[in-house]
Structures are given as structure tokens and as C-alpha cells.
Amino acid sequence: MNRRAGLIAAQTLLGLGLLIGWALIVDLEQVGRQLAGASLPLVLAGGLVSLITPFLRAARWRLVLKPMVRVPLIEIWLVGLASSLVGFVVPIRAGELARSLLLKQRHSLPVAASLPTVAVDRSFDMLAVLILGATGALTGLSLGGPLRSVLYAGLAVFLVFVAFVVLVIVARQRVFSLAERLLPRRMGEGLRLRLLGLLEGLLSGFTSLSRRPGDLALLLALSLAAAVIDAGVFYFMFASLGARVPPMVVLTGYALFVVTFIIPGAPGYVGSMEAFGSLIFGALGAGQALAASMVVLFHALNALILGLSGSAAMWALGFSPAAAFRSTAGAPEPDLARPAESDSGSIS
């Protein structure tokens, strides 16, 4: 069994454990009754709203990629949809790698060149989520100890992120030299060079953005808009169940929920979505059964939309879903320290 297969197996067992624990704690009969009474028009409205954010994130990634390659927005959008499905089914950060592989296949852009742009792009998602979470904390929203600790930790990460970006802008070479000295050589030269290569790409990406302040502001605006719209899908799910949850509770709960995706999940995030979503929204005052019902409804809707849109995007890009999954799951980790033209890995 290779390392990735072992990771997937371990994450699957973790997800099943979380699902069993969730099922033992939650009143499944009440959840079933609430789901049976869900308003289909409102669920469909939430599904339609969720289709907006891939366009916003496609526009954002296109801005990050602009200095390297010009890609039509519709193509970036399709690549994003396809890679989202890959990341949903293969939960080992395969979605990020799939984006680079798809782009390499269509535009011959090396993975070593595009993968750091994916990291820069995704960092704006986390930044937007942390801003929403901090906003929730500052509004005086009543939170339990663990949730308040998560928000404070998120705020700390936000401050570190801002400090990192400022340091990159004013002293990029010094940051890289410091990282080069701090990374221990005993970790292995190959791994060390890959990490340094990734860091160099990140530094180059943020330095490039610093020269385009208008793009930087637009990137943040697109990220915040996407995060608020994604939170709106949760609001529709609650509304479909006949609940009127305060918008600030939904925004804060969404922010905390997204942070939990840092924890490795099972394929399809089975178990982790249910357990963490129920815990977070229940603690924010939605009630355990209502929170569990909303998360189950969201999970099912999300899986359906990702399955349909991601598969359609793969076919539109000229790739079969089966080949895309096999290629991403089996692709070697890109050696970011090698010359760009030596990258391997493709989706056929």
C-alpha cells in the first residue's frame, strides 16, 4: 500500500468513527422528521446560489495567474469545478494538485510554476474566513469556550498572515534566506528542497501581487464576496427547515466550519461534516437536531452539485472523470526545486 492509499484509508476510518459518534449523540428520528419537511424550492435556491462562488474564485485565480499565463475565465471556471470534485472525493489536498495538472495539460504550464499560485489563491479564502470569524467575535456573539478559542486562534493566524505578507513585500530575499537557514537538513535534502521551492513560489506570488495593489484589493473583495455567498447557502438550508437563524450566527458558524477542513477528512468528508457542523451550529444556539439536519441537507446538496458540475466540467475540458481521479491520486509529488520544464504528471 503506497503512502497516499494509506492516508486515505486512515482518513476513511476517522470519518467513519466521527459518523458513528455523531449518530449515537444526535436524535436521528427528529433529524429525519425535519428533513422530510424541508422546503424543496428553498433547497434549490440554495443550490443555485452556491453556483455563483466558483465564478468568483475563478476570477480570483485568473488574476493570480495573470503574470504567467492568460487563460479564459470560462476555462478557469471549468478547471475549478473539476478540481473541486477531485478534492471532494480524494481528500489529500488532491484538488490543489488537480488544478495544476489540468492547467499543465491544456496550457503546458509546469506544475512547479502553477502550484504556488494555487496556494496563494487559496490563502485568500482562508483570509476571508478569518475576517468573518473575527467579525463574529467582535460583535459580541455568545460563544462557548472551545469555539471562542478557535476564533482567537483564527485571529492570531490572520495577524501572522498579514505580517508575513508585509515581510514578503519589504524583504522577500531575507525571508527566504531565513527559512533556508531554519529548515533542518536532517529532514532530507529532497524534502527540504521541495519545501523551499514551494516557499519561493509563494514569495514570488505575493511579491507580484504587491506590485499590483488594485489586484490585491480585488482579490480580497472577491474572496469576501465568495465567503459571504457560501454562508448564504447555509442560511437557505436553515430556512428550508423552517428556521430563521440570525445572519451573524450563520456567518460565524460558516467561518468555524470551514476552519475544520484543515483536519483531514474521509472521502466526501463523510463524518467530519456531520460531526463538526452539528457541534459548531449547535453550540451557536441553533439546537443540536436543527444543526444536524441542516448539515446533512447541505452535505447531500453539496455532493450532488459537485458531482454533476465537476463531472460535466471534466467532460467539457476533454478529460474522463475516471482518468482524472487516477492521475491525481497517482501523480508524484511535484519537485518544486527542479527546473520547471522537468515536471511530470498529466491527466489524459
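Here's what I pulled together on the structure shown here. (Residues numbered from 1 in each chain as written. Predicted model: local features only at pLDDT ≥ 70, side-chain atom pairs only at ≥ 80, totals over all residues. Heavy atoms only, no water.)

The helix and strand tally for the chain stands at 14 helices and 0 strands. The order of α-helices and β-strands along the chain, N terminus first, is α-α-α-α-α-α-α-α-α-α-α-α-α-α. Expressed as a percentage of the 348 residues in the chain, the buried residues total 49%. Residue pairs at least 24 apart in sequence account for 75% of intrachain contacts in the chain once pairs closer than 6 positions are excluded. Carbon and sulfur atoms make up 69% of the accessible area of the chain, which amounts to about 15900 Å² in all. (Helix = DSSP H or I, 4+ residues; strand = E, 2+ residues; numbered from the N terminus. Buried < 20%, exposed > 50% of the residue type's maximum accessible area, 1.4 Å probe, protein only. Contact = heavy atoms within 4.5 Å. Areas by Shrake-Rupley, 256 points an atom, 1.4 Å probe, with all protein chains shown as cover.)

In total, this model carries 9 salt bridges according to the counting rule given. For R57, the salt bridge identified is with D125, shortest N-O distance 2.9 Å. With R57 in helix α4 (residues 53-65) and D125 in helix α7 (residues 111-138), the pair connects residues that are 68 residues apart, well separated along the chain. Residue classification places D125 among the buried residues on the basis of a relative accessible area of 12%. Here R106 makes a salt bridge to E75, at a shortest N to O gap of 2.6 Å. Of this pair, R106 sits in helix α6 (residues 94-107) while E75 sits in helix α5 (residues 73-89), and the two are 31 residues apart along the sequence. Judged by relative accessible area, E75 falls into the buried class, the value being 10%. (Salt bridge = Lys/Arg side-chain N within 4 Å of Asp/Glu carboxyl O.)

Here the focus is the packing of helix α11 (residues 247-259) against helix α12 (residues 272-286). Interhelical geometry of α11 versus α12 gives an angle of 145 degrees and a closest axis separation of 10 Å. With respect to the hand of their crossing, α11 and α12 are arranged in right-handed fashion. Across from V249, V250, T252, G253, Y254, L256 and F257 in α11, the residues of α12 making contact are M273, F276, G277, I280, F281 and L284. For the contact of α11 with α12, the class distribution of residues is 10 nonpolar, 3 polar and no charged. (Axes fitted to C-alpha atoms, helices over the stretch in contact; angles between N-to-C directions. Left-handed = near helix turned anticlockwise from the far one by under 90°. Nonpolar A, V, L, I, M, F, W, Y, C, P; charged D, E, K, R; others polar.)

Moving on to the packing of aromatic side chains. For the structure on display, the rule yields 10 aromatic pairs. Measuring from ring centre to ring centre gives 4.5 Å for F234 and F298, while their planes differ by 25 degrees; the resulting arrangement is stacked. Note that F234 is positioned in helix α10 (residues 213-240) and F298 in helix α13 (residues 288-317), a separation of 64 residues in sequence. On the accessibility criterion, F234 (2% relative accessible area) is buried. (Phe/Tyr/Trp six-rings, centres within 6.5 Å; stacked < 30°, edge-to-face > 60°.)

In this structure, T260 sits in the loop between α11 and α12. Excluding residues that lie within four positions of it along the chain, T260 makes contacts with F276 and I280.

What follows covers α4. The end-to-end C-alpha separation of α4 is 18 Å, in line with the 18 Å expected for 13 residues at 1.5 Å each. Of the positions making up α4, those classed as buried are T53, L56, A58, R60, W61, L63, V64 and L65. (Expected span 1.5 Å × (residues − 1).)

Bringing the packing of α10 against α13 into the picture now. Look at α10 against α13: their axes get within 9 Å of each other, and the N-to-C directions meet at 120 degrees. Comparing their axes, α13 and α10 come out oblique. Note on packing geometry: the crossing formed by α10 with α13 is right-handed. For the pair α10 and α13, contact is made by V233, F234, M237, F238 and S240 and by L290, M294, L297, F298 and L301, respectively. The class makeup of the residues in the contact of α10 with α13 is 9 nonpolar, 1 polar and no charged. (Parallel < 35°, antiparallel > 145°, perpendicular 65-115°, else oblique.)

A few words now on a nonpolar patch on the surface. Taken together, V162, V166, L167 and V170 make up a surface patch of nonpolar side chains, about 340 Å² in accessible area. Within the fold, L167 resides in helix α8 (residues 145-182). (Patch = residues over 30% accessible without salt bridge, like charges linked within 9 Å, V, L, I, M, F, W, Y side chains within 5 Å.)

The next thing to look at is unusual backbone geometry. In this structure, S108 takes a positive phi of about 60 degrees despite not being glycine. Inspection of the secondary structure puts S108 in the loop between α6 and α7.

By themselves, these are just geometric observations and shouldn't be taken as functional.
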